[in-house]
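Breakdown of the fold
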Amino acid sequence: MSRKPIIAGNWKMNLVKSEAKDLYEGIKNFVKDYTAVELPTVVIAPVFTSLSVVESIPCSCGCGGNKISIAAQNCHWESSGAYTGEISVEMAKDAGCDYIIIGHSERRQYFSETDEMINKKAKAILAGGLIPIICCGESLEQREAGETDSWIAGQIRAALSGISSEDVAKSVIAYEPIWAIGTGKSCDADEANRVIKMIRSVVSEIAGSSAADSIRILYGGSVKPSTIEEQMSKSDIDGALIGGASLKADSFNDIIAKTMKVAVASV
Ligand code: 13P
């Protein structure tokens, strides 16, 4: 089955409002020449304080899709209450988000997020009608010890525990090997495809083959305009979650353009 690619920019803790607005305008200016049918699903994830200067752009061709969708970089699983510094799914939705990134390795590493917390967040996001982008990935030590597959399978089983097949099918997973994030050293495309296939087989065990065929699984870690075509040409890589190269309109737009080129070539 053919899955619509996703190109998602994780802006991390970068860009004040004026800079976020400039970057948003640069992406908006590029996508205006295409319909949402031609474009991949384009998602941008600014910091919470910049959500007010971006908005999703519905396509005017009648396809019902968006040319740009907005993601939050995190959320809490409770709907409101005494959780200083957190925002709820409803608040992210109220700020215009359709997606929420959860379980990023930076949040696991620096903010002690556990698999259990990520599972609660995924359930809250789906219950709120939004789509979780669930991150997973191994450290260099785990890779060198031959633990990559078992570690990632464990992260995926925990994150999706107790979620219906229907909700699993509409979720997004991002495979981001920690050693490839921000290092300039992207994972070999064949190896990324192998791990993503393995993730799809775990999803199939948990939620059935139809959910496994539908779920979109992205690669993240030093994705650049020079790497995306090879990555997108692989059977199971459904798109990219991009950090550094999403902070400049030129490189992010180039990644979108190259993703469309690969999609056209594979028809
Ligand atoms: P880089 O593209 O900067 O390696 O970051 C990847 C990432 O962590 C996206 O979530």
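**Considerations on the environment of Ser235**
Among the secondary structure elements, Ser235 is positioned in the loop between α10 (225-232) and β9 (239-242). Spatially, the C-alpha atoms of Ser235 and Ser2 are 10.0 Å apart, while their sequence positions differ by 233 residues. Those residues in contact with Ser235, other than ones at most four positions away along the chain, are Arg3, Asn193 and Lys197. Within the structure, the side chain of Ser235 is placed 2.8 Å from the side chain of Asp236, a separation counted as a polar contact.

**Here we look at the layout of surface pockets**
Here the largest pocket is characterised by a volume of approximately 490 Å³. As for the largest pocket, its lining consists of 22 residues, of which Ser2, Arg3, Pro5, Ala263 and Ser266 are closest to the centre. Broken down by element, the residue count for the lining of the largest pocket peaks at five residues, all from helix α11 (residues 249-265). Grouping the amino acids of the lining of the largest pocket by side-chain chemistry returns twelve nonpolar, five polar and five charged. Here the second largest pocket is characterised by a volume of approximately 390 Å³. In terms of lining, the second largest pocket is formed by 15 residues, of which the most central are Lys12, Met13, Gln73, Arg107 and Phe111. Of the residues that constitute the lining of the second largest pocket, the class distribution is six nonpolar, five polar and four charged.

**Describing helix α1 (residues 17-31)**
The end-to-end C-alpha distance of α1, which contains 15 residues, comes to 21 Å, matching closely the 21 Å that a straight helix rising 1.5 Å per residue would cover. Within α1 the residues assigned to the buried category are Ala20, Leu23, Tyr24, Ile27, Phe30 and Val31. Each buried residue of α1 lies within a common arc of 120° when the element is viewed along its axis, so the set occupies one face. Of the exposed residues in α1, those oriented more than 90 degrees away from the buried face are Ser18 and Asp22. Each element contacted by the buried residues of α1 is listed here: β2 (41-45), β3 (57-58), β4 (66-72) and α11.

The rules behind each value
Residues numbered from 1 in each chain as written. Predicted model: local features only at pLDDT ≥ 70, side-chain atom pairs only at ≥ 80, totals over all residues. Heavy atoms only, no water. Helix = DSSP H or I, 4+ residues; strand = E, 2+ residues; numbered from the N terminus. Contact = heavy atoms within 4.5 Å. Polar contact = N/O pair within 3.5 Å; in protein donor to acceptor, adjacent residues only side chain to side chain. 1 Å grid on protein atoms, 1.4 Å probe; cavity = no way out; pocket = protein on both sides within 12 Å on 5 of 7 lines; lining within 4 Å. Points joined across faces, edges and corners; volume = space filled by probe spheres on them. Nonpolar A, V, L, I, M, F, W, Y, C, P; charged D, E, K, R; others polar. Expected span 1.5 Å × (residues − 1). Buried < 20%, exposed > 50% of the residue type's maximum accessible area, 1.4 Å probe, protein only. Arc of directions from axis to C-beta.

Functional significance is not addressed by these values, which are geometric in nature.
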